[in-house]
Amino acid sequence: MTFRILTVCTGNVCRSPMAERLLRSGLAARCGEQAATVEVSSAGTGALVGEAMTDPTRDLVTRHGGDAAGHRARMLAEQMVAEADLVLPLTRAHRAAVVTLHPRAARRTFTLREAARLAGAVDPAELPEGPLEARLRALVPALAAKRGFVPVTDPAEDDVVDPYRRGEEVYAAMAASLVPAVEALLDAACGQR
């Protein structure tokens with residue numbers, strides 16, 4: 001059975017495709033052939049449909065070990081959310097848009113950085129040792145159970161800055177918050193390095 005992860009941002013040309021590609025490559029690198037049981041995709045709430053990743057995003061994806069080839073932006077649709085087992089919007093506003101589109105997804109929708117923060121509080125013993133897909137299925141309710149119990153100093157810390165049409169320093173800030181969050185989720189999904 002396939003476990004589906006959906007990352008969501010605005011244009012689907014910077015943040016969500018970077019998260020998608022780094023999750024995909026990280027799962028393959030850390031979990032080997034079991035990664036074939038996980039499908040990672042992305043979409044945008046205001047997607048630049050058909051567009052590739054921005055050049056700086058493509059460079060960052062490649063630098064961090066992902067494959068940027070072949071990405072085309074697509075618009076978020078209710079069915080995508082309904083079919084996803086874990087939805088990872090890149091900001092609280094994107095999370096609100098996802099949950100408005102499909103309210104029943106609320107317990108499996110976390111901003112990427114929120115999910116990473118909560119994953120750090122999940123006891124690895126709460127997750128099965130078995131297949132990756134089973135571990136991920138157990139991780140989602142474990143994250144939901146930690147919501148509200150792992151404080152954040154500033155709610156904005158759960159957001160990843162939008163670098164679209166901005167300078168190199170904003171792309172660097174995006175990567176500085178996005179990459180560690182992806183790594184924390186990979187740690188929870190595949191076990192610590």
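Remember, it's a predicted structure, so these values are computed and weren't measured experimentally. (Residues numbered from 1 in each chain as written. Predicted model: local features only at pLDDT ≥ 70, side-chain atom pairs only at ≥ 80, totals over all residues. Heavy atoms only, no water.)

(A) Structural context of the packing of helix 1 (residues 15-31) against helix 2 (residues 55-63). Look at helix 1 against helix 2: their axes get within 10 Å of each other, and the N-to-C directions meet at 15 degrees. Relative to helix 2, helix 1 is oriented roughly parallel. At the point where helix 1 passes helix 2, the crossing takes the right-handed sense. Residues Met18, Arg21 and Leu22 of helix 1 lie in contact with helix 2, whose contacting residues are Thr57, Leu60 and Val61. When its residues are assigned to classes, the contact of helix 1 with helix 2 shows four nonpolar, one polar and one charged. (Axes fitted to C-alpha atoms, helices over the stretch in contact; angles between N-to-C directions. Helix = DSSP H or I, 4+ residues; strand = E, 2+ residues; numbered from the N terminus. Parallel < 35°, antiparallel > 145°, perpendicular 65-115°, else oblique. Left-handed = near helix turned anticlockwise from the far one by under 90°. Contact = heavy atoms within 4.5 Å. Nonpolar A, V, L, I, M, F, W, Y, C, P; charged D, E, K, R; others polar.)

(B) Layout of the sheet that holds strand 2 (residues 38-44). With respect to topology, three strands assemble into an open sheet ordered 2-1-3, the strand pairing being parallel. Where the open sheet ends on each side, the last strands, each with one partner, are strand 2 and strand 3 (86-89). Going across the sheet, the axis of each strand differs from the next one's by a mean of 20 degrees, ignoring polarity. With seven bridges joining them, strand 1 (residues 3-9) and strand 2 adopt parallel strand pairing. Within the sheet, the bridge partner assigned to Cys9 lies in strand 2 and is Gly44. Contacts between helix 4 (residues 92-101) and the sheet are confined to strand 1 and strand 3, with strand 3 contributing the most and set at about 140 degrees to the helix. (Pairing = 2+ DSSP bridges.)

(C) Here's a closer look at the state of the cysteines. Evaluation of the coordinates by the stated rule reveals one disulfide. The partner cysteine of Cys31 in its disulfide is Cys190, sulfur to sulfur 1.9 Å. An S-S torsion of about -135 degrees defines the bridge between Cys31 and Cys190 as left-handed. Of this pair, Cys31 sits in helix 1 while Cys190 sits in helix 7 (residues 168-190), placing them 159 residues apart in sequence. Classification of Cys31 as buried rests on a relative accessible area of 16%. For Cys9, which is in no disulfide, the shortest distance to another cysteine sulfur is to Cys14 and amounts to 6.8 Å. Overall, the relative accessible area of 2% leaves Cys9 in the buried class. When its relative accessible area of 2% is taken as the criterion, Cys14 is described as buried. (Disulfide = S-S within 2.5 Å. Buried < 20%, exposed > 50% of the residue type's maximum accessible area, 1.4 Å probe, protein only.)

(D) Focus on the environment of Met174. Among the secondary structure elements, Met174 is positioned in helix 7. Owing to a relative accessible area of 0%, Met174 belongs among the buried residues under this scheme. Sequence-wise, Met174 and Val160 are 14 residues apart; in three dimensions their C-alpha atoms are separated by 5.9 Å. Filtering out sequence-adjacent residues up to four positions away, Met174 remains in contact with Cys14, Arg15, Met18, Thr57, Leu60, Val160, Val161 and Pro163.

(E) Region of the structure containing the nonpolar core. Met18, Leu27, Leu112 and Leu178 are the most contacted members of the largest nonpolar core, which totals 50 residues. Taken together, the elements giving at least two residues each to this core come down to strand 1, helix 1, strand 2, helix 2, strand 3, helix 5 (112-119), helix 6 (132-146) and helix 7. At eleven residues, helix 7 tops the list of elements feeding residues into this core. (Core = buried A, V, L, I, M, F, W, Y, C linked by side-chain atoms within 4.5 Å.)

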